[in-house]
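Descriptive analysis of the structure
Take a look at the letters that make up each chain.
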Amino acid sequence: DAKTTQPPSMDCAEGRAANLPCNHSTISGNEYVYWYRQIHSQGPQYIIHGLKNNETNEMASLIITEDRKSSTLILPHATLRDTAVYYCIVRVEGGADGLTFGKGTHLIIQP
Amino acid sequence: GAVVSQHPSRVICKSGTSVKIECRSLDFQATTMFWYRQFPKQSLMLMATSNEGSKATYEQGVEKDKFLINHASLTLSTLTVTSAHPEDSSFYICSAEMTETQYFGPGTRLLVL
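Keep in mind that this is a model prediction, so the values were computed, not measured.

Calculation rules
- Residues numbered from 1 in each chain as written.
- Chains lettered and ligands numbered in written order.
- Predicted model: local features only at pLDDT ≥ 70, side-chain atom pairs only at ≥ 80, totals over all residues.
- Heavy atoms only, no water.
- Pairing = 2+ DSSP bridges.
- Helix = DSSP H or I, 4+ residues; strand = E, 2+ residues; numbered from the N terminus.
- Axes fitted to C-alpha atoms, helices over the stretch in contact; angles between N-to-C directions.
- Contact = heavy atoms within 4.5 Å.
- Buried area = accessible area lost by both parts, 1.4 Å probe.
- Salt bridge = Lys/Arg side-chain N within 4 Å of Asp/Glu carboxyl O.
- Polar contact = N/O pair within 3.5 Å; in protein donor to acceptor, adjacent residues only side chain to side chain.
- Disulfide = S-S within 2.5 Å.
- Buried < 20%, exposed > 50% of the residue type's maximum accessible area, 1.4 Å probe, protein only.

A word on the sheet that holds strand β3 (residues 31–38) of chain A. All names here are of chain A. Read across the open sheet, the 5 strands follow the order β1-β9-β8-β3-β4; overall the sheet is mixed. Looking at strand neighbours, the two that pair on one side only are β1 (9–13) and β4 (45–50), the edges of this open sheet. Pairs of neighbouring strands in the sheet enclose a mean axial angle of 25°, with direction left out of account.

Encoded structure:
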C-alpha cells in the first residue's frame, strides 16, 4: 500500500503558484520524500526529493514540515504544460526497491 | 543528463505472439532497472527489478515465465512478453537508477489483438 495521501485533484490558475500537499505521517527516519509527475501517456518525470530540509531546483520547491509528516510541492509559476498527475512517494534513498505509486493528484492548470 | 529511452513506443501484435521491449539508459550506467505496468486510469505498478548480470526479481502475481527480463549490460534491459494475450495490453514503462533517483523511460504501449 502507498504510504502517502494526496488530494485526488486540484485546480490552479496559469501564472499562479501551485501548492500540492502530501501526507506521509508514517515516514521513517531514513526515508526521503520524492515527487514525480506524469503527463498523459508519458513516463513519469522526476521533479525533486528531500529528507528534512527544504529543497529547490529549476522545476519546483519542496517544503517538508519539521516533524516530516507532511510536505508541499510548490510550482512557483504554473503553466498549462504543468497539467499532470503528481505523485508523492516515500523511499529510502539508494534503496533497491521499486517505487510504490499511489493515485497522485491530478493538477489542472486553468488558462 | 539521466535520459532513458524505450523502443518501440507502441506495438500491436496478434494474440499468441511474443513482443520484446528495450529500455536503455543513454547517458549513464544503471546497475538496476525496473519495469512497471500501467492500465488505463490506474497508477503504475511495479512488475520486476532487473539487476545487471543476475536474474530479475518479480513482484507477487507477475509470472516470470511470461514476462522475461534480461539485463545483459549496464545500459540495456529488455522485457519480453511471451505468448501475449489481450489482457496483456497495457502501458509498459521502465526506469533506471542513478544517484539514488529513478529516471523513467517514455513508455511502450502494447496492444494485443
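Next comes the rest of the account.
Time to look at the interface of chain B and chain A. The parts lose accessible area when they come together, and the size of an interface is often stated as this lost area. The partner chain A presents 21 residues to the 18 residues of chain B that form the contact. For the chain B and chain A pair, buried surface summed over both sides reaches about 1,400 Å², with 53% attributable to carbon and sulfur atoms. Scanning the region where chain B abuts chain A turns up 1 salt bridge. Between E97 of chain B and R91 of chain A there is a salt bridge, and its shortest N-O distance comes to 3.1 Å. Summed over the shared surface of chain B and chain A, the result is 8 residue pairs in polar contact (both at pLDDT 80 or more). Counting residues per element, the ones that place at least two in the side of chain B that touches chain A are β4 (32–38), β5 (45–51), β9 (90–98) and β10 (101–104) of chain B. In terms of residue count, β10 of chain B provides more of the side of chain B that touches chain A than any other element does, 4 residues in total.

Before going further, it helps to examine the state of the cysteines. Per the counting criterion, the structure on display carries 2 disulfides over all chains. Between the sulfur of C22 of chain A and that of C88 of chain A lies a disulfide, 2.1 Å long from S to S. Residues C22 of chain A and C88 of chain A share a disulfide whose torsion about the S-S bond is about -80°; that sign makes it left-handed. Residue C22 of chain A is found in strand β2 (residues 18–23), and its partner C88 of chain A is found in strand β8 (residues 84–92); the two are separated by 66 residues along the sequence. The pair formed by C22 of chain A and C88 of chain A is uniform in burial state, with each residue classed as buried. A sulfur-sulfur separation of 2.0 Å characterises the disulfide bridge that pairs C23 of chain B with C94 of chain B. Residues C23 of chain B and C94 of chain B are joined by a disulfide whose S-S torsion is about 80°; by sign, that bridge is right-handed. Of this pair, C23 of chain B sits in strand β3 (residues 19–25) while C94 of chain B sits in strand β9, and the two are 71 residues apart along the sequence. Just as C23 of chain B is buried, C94 of chain B falls in that class too. Between C12 of chain A, a cysteine without a disulfide, and C22 of chain A, which holds the nearest cysteine sulfur, the sulfur-to-sulfur distance is 18 Å. What makes C12 of chain A buried here is its relative accessible area of 11%.

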